[in-house]
Amino acid sequence: MTEPPIDVSGLVKRFGGYTAVGGLDLRVGPAEVHGFLGPNGAGKSTTIRVLLGLHHADAGRVRVLGRDPARQAAEVTRRISYVPGEVTLWPNLTGQEILDAFAGLRGSRDKAAEKRLAGAFALDTGRLVRTYSKGNRQKVALVAAFAARTDLLILDEPTSGLDPLMEEVFQGAVRDAAAAGRTVLLSSHILGEVEDLCDAVTIIKDGHLVESGQLSDMRHLAASVVTAHLPGRDAATVMARLRQTGLTGETTAGTVRLAVPRDLVPAVLAILADADAPDITCTPASLEDLFLRHYVVAPR
Ligand SMILES: Nc1ncnc2c1ncn2[C@@H]1O[C@H](COP(=O)(O)OP(=O)(O)OP(=O)(O)O)[C@@H](O)[C@H]1O
């Protein structure tokens, strides 16, 4: 079996006495679009910098495209496209000159793809970079990243400056990259984006793994939300019956709502059907539900 494009186990990275990443595992399979999530300061960018060979791990095993980025940074980074959240470019070059410079440094690019991507992102490559907005600078980096002939894209909050129309273009480019067999690690705070794009996610907090796996499996393990509207019925009595299954829920204005583990969904739906509820919805856990259950901050 070939090694996964990203294979990290027990990664530790300290800054002085502060442990930014404390024993993290991260595995990303070939042609997978993998979401990398966590609140501010969780250690995502630090991990990414280790993957790129910019930081050296204090402990753990790190393999990117089968190599150790700390020892073989040049070989590894040649095969990676990296887009940071804050793109800094030479201000006195035009967008096209920047794209040419990136391609020159890398030694390869798909010129037709670059032209197509610049068009799709509505990027005027003839303008000087110093006249570009944050979003336009990000577009330059994204066009260069997707047009490069690389095997792995590492995108660290790449769309924070893009408008919704451009978000669509970005998502199309990620899907095309994965369809072409490229692997994508996407760090993002935009949960909808991750939910739309990613096959698998890794959620971290305080430099530690809290959850990782295929999004579909994680949804199955989490509770679904069942809501039933009970016009003209005694919602409190129905809720009392529902509570006999061991679940808790809330009743508001004749509507019951409760989080239901997968194995109890049939029993709950049977009780609601028995109560003649005309309007029942059962929604699988969203990525936001999965994410928030790890990050509910207690009020001070
Ligand atoms: N060079 C550094 N020196 C000292 N501390 C650092 C350094 N880089 C990061 N840190 C600290 O390590 C922790 C993890 O930071 P990191 O940037 O990896 O988080 P993140 O998950 O990417 O956050 P965000 O979502 O805000 O970008 C933070 O507490 C940060 O202050």
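Since the model is a prediction, treat every value here as computed from it, not as a measurement.

> If you had to explain the overall build of the protein to someone new, which residues and values would you point to?
For the protein, the count of helices and strands is 11 helices and 13 strands. Principal-axis analysis of the C-alpha atoms places the extent of the protein at approximately 70 × 45 × 45 Å. Sequence-distant contacts, at least 24 apart, represent 69% of the contacts inside the protein between residues at least 6 apart.

> Describe helix 9 (residues 235-243), listing the residues and the values that go with them.
Every buried residue of helix 9 is listed here: Ala 235, Val 238, Met 239 and Leu 242. The buried residues of helix 9 occupy an angular sector of 100° when the element is viewed end-on, so they sit on one face. Looking at helix 9, the residues exposed on the side facing more than 90 degrees away from the buried face are Ala 236, Thr 237 and Ala 240. Among the structural elements, strand 11 (249-252), strand 12 (255-260) and helix 10 (265-274) are those in contact with the buried residues of helix 9.

> Outline the pairing of strand 2 (residues 18-28), supporting the account with residue identities and numerical values.
Of the strand pairs in this sheet, strand 1 (residues 6-15) and strand 2 are connected by eight bridges, and their pairing is antiparallel. Looking across to strand 2, one finds that Phe 15 is bridged to Tyr 18. In sequence, strand 1 turns back onto strand 2 through a hairpin of two residues, with Gly 16 there showing a positive phi of about 60°.

> Could you give an account of the site of the ligand, with specific residues and numbers?
Every residue lining the ligand is accounted for by Phe 15, Tyr 18, Ala 20, Gly 38, Asn 40, Gly 41, Ala 42, Gly 43, Lys 44, Ser 45 and Thr 46. Going through the elements one at a time, strand 2 and helix 1 (44-51) are the ones with two or more residues in the shell around the ligand. Ranked by residue count, the leading element in the shell around the ligand is helix 1, at three residues. Taken together, the residues that form the shell around the ligand break down as four nonpolar, six polar and one charged.

> Can you tell me about the sheet that holds strand 1, naming the residues and giving the values?
Strands in a sheet are paired, the pairing made by backbone hydrogen bonds, and the direction either parallel or antiparallel. Ordered in space as 2-1-4, the three strands form an open sheet in which the pairing is antiparallel. If you trace the sheet from one side to the other, it starts and ends with strand 2 and strand 4 (59-64), each paired once. If you compare each strand with its neighbour and ignore which way they point, the axes differ by 25° on average.

> Tell me what's going on with the domain arrangement of the protein, and back it up with residues and numbers.
Annotation of the protein at the domain level lists domain 1 (6-219) and domain 2 (223-283). The distance between the C-alpha centroids of domain 1 and domain 2 comes to 43 Å.

> Report on the UniProt feature "domain: ABC transporter" (unreviewed entry) in the protein, specifying residues and quantitative values.
When the UniProt feature table is mapped to this numbering, "domain: ABC transporter" (unreviewed entry) covers residues 6-231. A distance of 53 Å separates the end C-alpha atoms of residues 6-231, which is 35% helix and 29% strand.

> Could you give me a rundown of helix 3 (residues 95-106), with the residues and numbers involved?
Over its 12 residues, helix 3 runs 17 Å from end to end, which matches the ideal 16 Å to within 8%, given 1.5 Å per residue. Residues of helix 3 that are buried: Gly 95, Ile 98, Leu 99 and Phe 102. Buried residues of helix 3, viewed axially, fall in a sector of 100°; they line one side. Where helix 3 is buried, its residues meet helix 4 (111-120) and helix 5 (134-147). One or two steps after helix 3, the chain reaches Gly 107, where phi turns positive at roughly 90°.

> Describe the packing of helix 4 against helix 5, listing the residues and the values that go with them.
At a minimum axis separation of 9 Å, helix 4 and helix 5 run at an interaxial angle of 145°. In this structure, helix 4 meets helix 5 at a crossing whose hand is right-handed. When helix 4 is examined against helix 5, the residues Ala 113, Glu 114, Leu 117 and Ala 118 are found in contact with a partner set consisting of Val 143, Phe 146 and Ala 147.

> Provide a residue-level description of the nonpolar core, including the pertinent values.
Membership of the largest hydrophobic core comes to 62 residues, with the highest contact counts inside it found for Val 143, Ala 144, Ile 154 and Leu 186. A per-element tally of this core places helix 5 first, with eight residues. For Val 143, the residues in contact, after removing those within four places along its chain, are Leu 99, Glu 114, Leu 117, Ala 118, Phe 121 and Leu 123. Among the nonpolar cores identified, the runner-up in size contains 13 residues, and Ala 228, Val 260, Leu 272 and Ala 277 belong to it.

Procedures and definitions
- Residues numbered from 1 in each chain as written.
- Predicted model: local features only at pLDDT ≥ 70, side-chain atom pairs only at ≥ 80, totals over all residues.
- Helix = DSSP H or I, 4+ residues; strand = E, 2+ residues; numbered from the N terminus.
- Contact = placed C-beta atoms within 7 Å.
- Buried ≥ 20, exposed ≤ 12 C-beta atoms within 10 Å, placed from the backbone.
- Arc of directions from axis to C-beta.
- Pairing = 2+ DSSP bridges.
- Near = placed C-beta within 6 Å.
- Nonpolar A, V, L, I, M, F, W, Y, C, P; charged D, E, K, R; others polar.
- Axes fitted to C-alpha atoms, helices over the stretch in contact; angles between N-to-C directions.
- Domains from an automatic or database assignment.
- UniProt positions renumbered as here; feature names shortened; annotations may be inferred.
- Expected span 1.5 Å × (residues − 1).
- Left-handed = near helix turned anticlockwise from the far one by under 90°.
- Core = buried A, V, L, I, M, F, W, Y, C linked by C-beta atoms within 7 Å.

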